[in-house]
Amino acid sequence: MRFRHPDGSTVHLAYCTNVHPAETLDGVLAQLRDHCEPVRRRLGRDRLGIGLWLARDAAHALVTDPSALRGLRTALEHRGLEVVTLNGFPYEGFGAEEVKYRVYQPDWADPERLAHTTDLARVLAQLLPDDVTEGSISTLPLAWRTAYDQERATAAHTALTTLAERLDALHELTGRSLRIGLEPEPGCTVETTRDALAPLTAIGHDRIGICVDTCHLATSFEDPHTALDALAQARVPIVKSQLSAALHAEHPHLPEVRAALAAFDEPRFLHQTRTLTAAALRGTDDLGEALAGDALPDASPWRAHFHVPLHAAPAAPLTSTLPVLRAALTRLVGGPHPLTHHLEVETYTWQALPPELRPRARTQLVDGIAAELTLARDLLTDLGLKELP
């Protein structure tokens, strides 16, 4: 979906296909047929933006076989879909029964991460619509914190600098300008937007910026205006923003609130949980740890890294951080000029929701994704953007 900002520029809205995980190119093509095109039709649009997630094997197949890449582009056009952004965070296995810490491997100190992201950039340069010259790729924020020392930090810095040089060369070759955004996430080396300032200014290249995920922003109790102002002051480019909402518990000391949270403690994804005390931000790596005894102070609200559907906040006594998303979006695109032109709805946890909230059929998932995009569209038009055909 495209929108005209009052300054005349185009803002793109997509939804991320990591909600339909597939490891192979055939799986990606099936996603377009079974999910993406039905969402477009449900919205009554001639064109729908999708943020593709391409696992290692799918990306490698596309970059080594020009006919396969042409076939994917043809399939996108045939189904009324367009791609200006990729989700390069998960490497493989995102559809596994247990993902947890595996999603952070390989990290930016591992040569495989550079190789994979280079493949993604080469693919995206060929997938961009004919009238679009700028693309974006989100990626993990360097590494998970526990195995990251100075030697690995130096390797990650070198890899990102090499990537920037490759993106410069790709621009010269294709005329397509691509940028990479580190996506701060709780528990990682770069957990907050503030954590991103030092490594990104050290790299100092405008092709390497940040991806602001509003669920992660909220989970870490960052104020959107303060965070985004700091990025602007440091001249860190906001490559893209993922529109998402976290799980919020206002009174985690109450037994009924603990019981409601426990329903979201599931085995597939990591749900980092945070609370902001008078002294500091405190947290656990997973929701189950927070619920176990006194691992996390419960005198203040808790937020958990669980991407809940934008249009459907959990039932009381829980809610979502949709207000943080609204505030961030106002700052991102509500001013005289957009801080980013790429927005992506990223609720990948539909099948991890408590059983009674999960879509039981493909059509229910299509309805849910369409409802999220409708909400995002309404937020954008309320800010003065005009939806384009």
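Remember, predicted model here, so these are calculated numbers, not experimental data. (Residues numbered from 1 in each chain as written. Predicted model: local features only at pLDDT ≥ 70, side-chain atom pairs only at ≥ 80, totals over all residues. Heavy atoms only, no water.)

A.B. asks: Quick one: what's the story with the packing of helix α1 (residues 25-43) against helix α12 (residues 362-382), residue by residue and with numbers?
C.D. replies: Two numbers describe how α1 lies on α12: the axes approach to 9 Å, and their chain directions differ by 55 degrees. One finds that α1 runs oblique with respect to α12. In terms of crossing hand, the pair formed by α1 and α12 is right-handed. Across the interface between the two elements, Asp34, His35, Pro38, Val39, Arg42 and Leu43 from α1 touch Arg362, Thr363, Leu365, Val366, Asp367, Ile369, Ala370, Leu373 and Thr374 from α12. Grouping the constituent residues of the contact of α1 with α12 by class yields 8 nonpolar, 3 polar and 4 charged. (Axes fitted to C-alpha atoms, helices over the stretch in contact; angles between N-to-C directions. Helix = DSSP H or I, 4+ residues; strand = E, 2+ residues; numbered from the N terminus. Parallel < 35°, antiparallel > 145°, perpendicular 65-115°, else oblique. Left-handed = near helix turned anticlockwise from the far one by under 90°. Contact = heavy atoms within 4.5 Å. Nonpolar A, V, L, I, M, F, W, Y, C, P; charged D, E, K, R; others polar.)

A.B. asks: Tell me about the pairing of strand β11 (residues 281-284), and name the residues and values.
C.D. replies: Pairing of strand β10 (residues 273-276) with β11, which is carried by 4 bridges, proceeds in the antiparallel orientation. Within β11, the position partnered with Arg274 by the bridge is Gly283. Linkage of β10 to β11, two consecutive antiparallel strands, is achieved through a turn of 4 residues. (Pairing = 2+ DSSP bridges.)

A.B. asks: A description of the pattern of salt bridges should follow, citing residues and the corresponding values.
C.D. replies: A complete count under the given rule lists 23 salt bridges for this structure. For the salt bridge of Asp34 with Arg362, the shortest nitrogen-to-oxygen distance reads 3.7 Å. In this pair, Asp34 is assigned in helix α1 and Arg362 in helix α12, connecting sequence segments 328 residues apart. Relative accessible area serves as the criterion here: at 47%, Arg362 is assigned to the partly exposed category. Across the salt bridge formed by Arg73 and Asp130, the nearest N and O atoms sit 2.6 Å from each other. Placement of Arg73 in helix α3 (residues 66-78) and of Asp130 in the loop between α4 (111-127) and β5 (134-139) is noted, with a sequence separation of 57 residues between them. Take Arg73: its relative accessible area is 18%, and that puts it in the buried class. Taking relative accessible area as the criterion, Asp130 reaches 67% and is therefore assigned exposed. (Salt bridge = Lys/Arg side-chain N within 4 Å of Asp/Glu carboxyl O. Buried < 20%, exposed > 50% of the residue type's maximum accessible area, 1.4 Å probe, protein only.)

A.B. asks: So what's going on with the side chain of Glu372? Which residues, and what values?
C.D. replies: Summarising the element assignment, Glu372 is placed in helix α12. Leave out the neighbours within four places in its chain, and Glu372 touches Val308, Pro309, Leu310, His311, Val345, Thr347 and Trp350.

A.B. asks: Explain the environment of Leu287 residue by residue, including any values.
C.D. replies: As for its placement among the helices and strands, Leu287 is situated in helix α10 (residues 287-291). Assessed through its relative accessible area of 1%, Leu287 is described here as buried. Placed 107 residues apart in sequence, Leu287 and Ile180 show a C-alpha to C-alpha distance of 30 Å. Apart from residues no more than four positions distant in its own chain, Leu287 is found in contact with Leu261, Phe264, Asp265, His271, Thr273 and Ala304.

A.B. asks: So what's going on with α3? Which residues, and what values?
C.D. replies: When the terminal C-alpha atoms of α3 are compared, their 18 Å separation across 13 residues agrees well with the 18 Å that a helix rising 1.5 Å per residue should span. Along α3, the residues that are buried comprise Ala68, Leu69, Leu72, Arg73, Ala75 and Leu76. One side of α3 carries all its buried residues, which in axial view fall inside an arc of 160 degrees. With respect to the buried face of α3, the exposed residues turned more than 90 degrees away are Pro66, Arg70, Glu77 and His78. Buried positions along α3 lie against α1, β3 (48-52), α2 (56-64), β4 (81-87) and α4. Of the residues one or two after α3, Gly80 is the one with positive phi, at around 70 degrees. (Expected span 1.5 Å × (residues − 1). Arc of directions from axis to C-beta.)

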